[in-house]
Amino acid sequence: MSDNYSIARYLIAQLRPGLQLGETVLAPDGKVLLYAGTILTERHIEKLSYYNCDGVRVREFQSGVGTGFATNQQRKHGNAEPEELIVSHEYYEADMAATVSEEETEFASIYGNVVKDLKRCFTIVRLKKHLDCELLHSIVDALLPLSERGIGATALLHTATRSEDYLFHHSINVGILANIIGNLSGAFKPSQQRNLILAGILHDIGKLEIPVHVLYKKGSLEEDELHMVRQHPAIAFKFFRRFKEIPESVRLGVLQHHERDDGSGYPLQTAGAKNHPIAKVLGIADVYDAMTSKKVYGEEVSPFAALDTIQADSFAGKFSTKYSTPFLHELCQTLIGRYVTLNDGSTGQLVFWNRNGKETCLIRFPDGQVVDIMNQNKLKVVKLVC
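Per an unreviewed UniProt entry, the recorded name for the chain is Response regulator, and the organism is Sporomusa ovata.

Spelled out as C-alpha cells, the structure:
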C-alpha cells in the first residue's frame, strides 16, 4: 500500500480527529501552534479555532487512509473542500522519522538541569539530614512552566534522557504529573499548583532512609523488607516536622500517597475522605510514572498498559474518578500521533484510539498500511518511541 500523499486545504469546520497536518501552523505572535505532521485531536482543532485560523493544509494519502482517513471520494461528498482547493498535486514520501521540535529541546534542557538540582538536594538530605528549602523551591519554579504545558508534557517525559538514578527522575516526573492531573480535575486553585509539584518531588524522599540493597533489590522482597519499604511515607512525614516551610497539605500528601480510597493502601490504611486530595492525585501520578519508567526492580510498560491499570483501579474504587477520568481522557488524546513499538518488533504511528465502547486502536506502518490492532489477537503496543 502506497504511503505517498498530496496536500489539500481544509476549513477549520471540516477538520476531524485523525487528519495529519501538512504544514506548521503559527499563532499571531509567531509562536508555533502545531507542527507539520501532527495528527489532529479534538483539542488541536479547538486550539486552531480559538486562534481564528481560517484553514490549514492537510496531508491526504494515496492509500485512502491519509492517517486521517480522508479520501478523494470523501472529499467529493463534502467532507473537505472541493478539488480545486487542493494547493498541490505533488506527492511526497511519508516520513516515519520523528523530528525533534524546539519544544522538546527546551523541555529536555530544563528537565536535565532540574534532575541535577534534585540530586544535589537529596544528597544533602542523605548526608546531612537537612532539607535545602531554597533549592527545593527553585526546582518547583523551574517545573511550573513544564507542567503548565498540560497533558502534552507526559509524552515529553517518555522521551527525556534519564542519565541519573531512577529516584530523581521519578520524583521530578511525579511532580510534573501531579500538577497536570490536579489542573485537569479542576479541583485545585492556581495557588495550589506549587504544593502539587512540591508534594510530587518529595513523595519518595523517605526512601533515602531505606538501605540501597533493599530499595533496588531484584526480585521479590522478604516480608520484613516489604514492611521497611512501606514505611517510607511515614519516615518522610516525621522528617518534615523539622521544616515548617513544608505546608501541611504537602506533608499529608506525601504521607498518604500510597493510601487508596477503598482503604487497601499503606501505611495507615485510611480511606475515602480521610485521604488528602493531593495524596489522591499523587497516587495516580506515582503509579503511571512507576509503570512506564525503566528501573532496576521491575520492567517498564507502555503508557497504554499503565492507563489500563489506572482505569481498572478506578473502577475497583482505589482511585478517585474525579482525578483519574480527566487524566485518562486527555492522555489518550495526546498519545495520538506518537510512534510506538509493538510486541512483534514493528514500529508504527498511532493514528486513532477510541476507548469508549468497542475499543479501536489504529496504527499506521511505514508502508502506509493502517491496522486496527484490537482486531489482531497477538498484537499489542509495548513501548512509546517518541
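*Asks:* For this particular structure, what's the right way to read the overall build of the chain?
*Replies:* Along its length, the chain carries 14 helices and eleven strands. Taking all 386 residues of the chain together, 50% fall into the buried category. Sequence-distant contacts in the chain: of pairs separated by 6 or more residues, those separated by 24 or more amount to 66%. For the chain, the accessible area works out to roughly 18100 Å², and carbon and sulfur atoms hold 50% of it.

*Asks:* Which parts of the structure should I look at to understand the confidence of the model for the chain?
*Replies:* Regions with low pLDDT should not have their predicted coordinates read in detail. Scored by pLDDT, the chain has a mean of 82; 81% of the residues are at 70 or more. Low pLDDT, under 50, characterises residues 63-100; the stretch is placed with 88 contacts to residues that sit more than four places away or in other chains.

*Asks:* Honestly, the packing of aromatic side chains in this entry has me stumped. Any pointers?
*Replies:* Aromatic ring pairs are defined here through the distance separating the ring centres and the angle between the ring planes. If you walk through the whole model with that rule in mind, you get seven aromatic pairs. Where Phe239 meets Phe243, the ring centres are 5.1 Å apart and the plane angle is 55 degrees; that geometry is what we call tilted. Classification of Phe243 by relative accessible area gives buried; the value is 7%. A connected cluster of aromatic rings, assembled from ring pairs, spans Phe239, Phe240 and Phe243.

*Asks:* Any chance you could explain helix 1 (residues 42-50) here in plain terms?
*Replies:* Each α-helix winds once per 3.6 residues, and so residues spaced three or four apart point in a common direction. Of the residues making up helix 1, those classed as buried are His44, Ile45 and Leu48. Taken around the axis of helix 1, the buried residues stretch over an arc of 100 degrees, which confines them to a single face. Relative to its buried face, helix 1 has exposed residues pointing more than 90 degrees away, namely Glu46 and Tyr50. Two residues or fewer past helix 1, Asn52 is found with a positive phi of approximately 60 degrees.

*Asks:* I tried to follow the side chain of Ser171 on my own but got confused; where do I start?
*Replies:* Relative to the elements of secondary structure, Ser171 occurs in helix 6 (residues 166-185). Within the local environment of Ser171, its side chain forms a polar contact with the backbone oxygen of Leu167, the two atoms lying 2.7 Å apart.

*Asks:* Where do I start with the side chain of Asn173 in this structure?
*Replies:* For Asn173, the location among the structural elements is in helix 6. Polar contacts involving the side chain of Asn173 include one to the side chain of Tyr111, which spans 2.8 Å.

*Asks:* Explain unusual backbone geometry here, please?
*Replies:* For residues besides glycine, phi is generally negative; the peptide bonds are generally trans as well. Omega for the bond connecting Tyr266 with Pro267 falls within 30 degrees of zero, at 10 degrees, which places this linkage in the cis form. Positive phi, normally seen in glycine, also occurs at Gln269, with a value near 60 degrees. The residue Gln269 is located in the loop between helix 11 (248-255) and helix 12 (277-292) in this model. With relative accessibility at 55%, the residue Gln269 sits in the exposed group.

*Asks:* Sorry if this is basic, but what is going on with the packing of helix 4 (residues 133-147) against helix 7 (residues 193-202) here?
*Replies:* Between helix 4 and helix 7, whose axes approach to 9 Å, the crossing angle comes to 115 degrees. In terms of orientation, helix 4 lies roughly perpendicular with respect to helix 7. Every pair of crossing elements has a handedness; the one defined by helix 4 and helix 7 is right-handed. Contacts between helix 4 and helix 7 involve Leu136, His137, Ile139, Val140, Asp141, Leu143, Leu144 and Ser147 from the first element and Gln193, Arg194, Ile197, Leu198, Ile201 and Leu202 from the second. Across the contact of helix 4 with helix 7, the residue classes break down as nine nonpolar, three polar and two charged.

*Asks:* In this structure, what is going on with the packing of helix 6 against helix 14 (residues 321-335)? I would like to understand it.
*Replies:* Packed helices, taken two at a time, are described by the angle between their axes plus the distance between the axes. Interaxial distance between helix 6 and helix 14 falls to 8 Å at its minimum, and their mutual angle equals 100 degrees. By the angle between their directions, the pair helix 6 and helix 14 is classed as roughly perpendicular. Touching Leu177, Ile181, Leu184 and Ser185 of helix 6 are Lys322, Tyr323, Pro326, Phe327 and Glu330, all from helix 14. In terms of residue class, the contact of helix 6 with helix 14 is built from six nonpolar, one polar and two charged.

Conventions we followed
Residues numbered from 1 in each chain as written. Predicted model: local features only at pLDDT ≥ 70, side-chain atom pairs only at ≥ 80, totals over all residues. Heavy atoms only, no water. Helix = DSSP H or I, 4+ residues; strand = E, 2+ residues; numbered from the N terminus. Buried < 20%, exposed > 50% of the residue type's maximum accessible area, 1.4 Å probe, protein only. Contact = heavy atoms within 4.5 Å. Areas by Shrake-Rupley, 256 points an atom, 1.4 Å probe, with all protein chains shown as cover. pLDDT = per-residue confidence, 0-100. Phe/Tyr/Trp six-rings, centres within 6.5 Å; stacked < 30°, edge-to-face > 60°. Arc of directions from axis to C-beta. Polar contact = N/O pair within 3.5 Å; in protein donor to acceptor, adjacent residues only side chain to side chain. Axes fitted to C-alpha atoms, helices over the stretch in contact; angles between N-to-C directions. Parallel < 35°, antiparallel > 145°, perpendicular 65-115°, else oblique. Left-handed = near helix turned anticlockwise from the far one by under 90°. Nonpolar A, V, L, I, M, F, W, Y, C, P; charged D, E, K, R; others polar.

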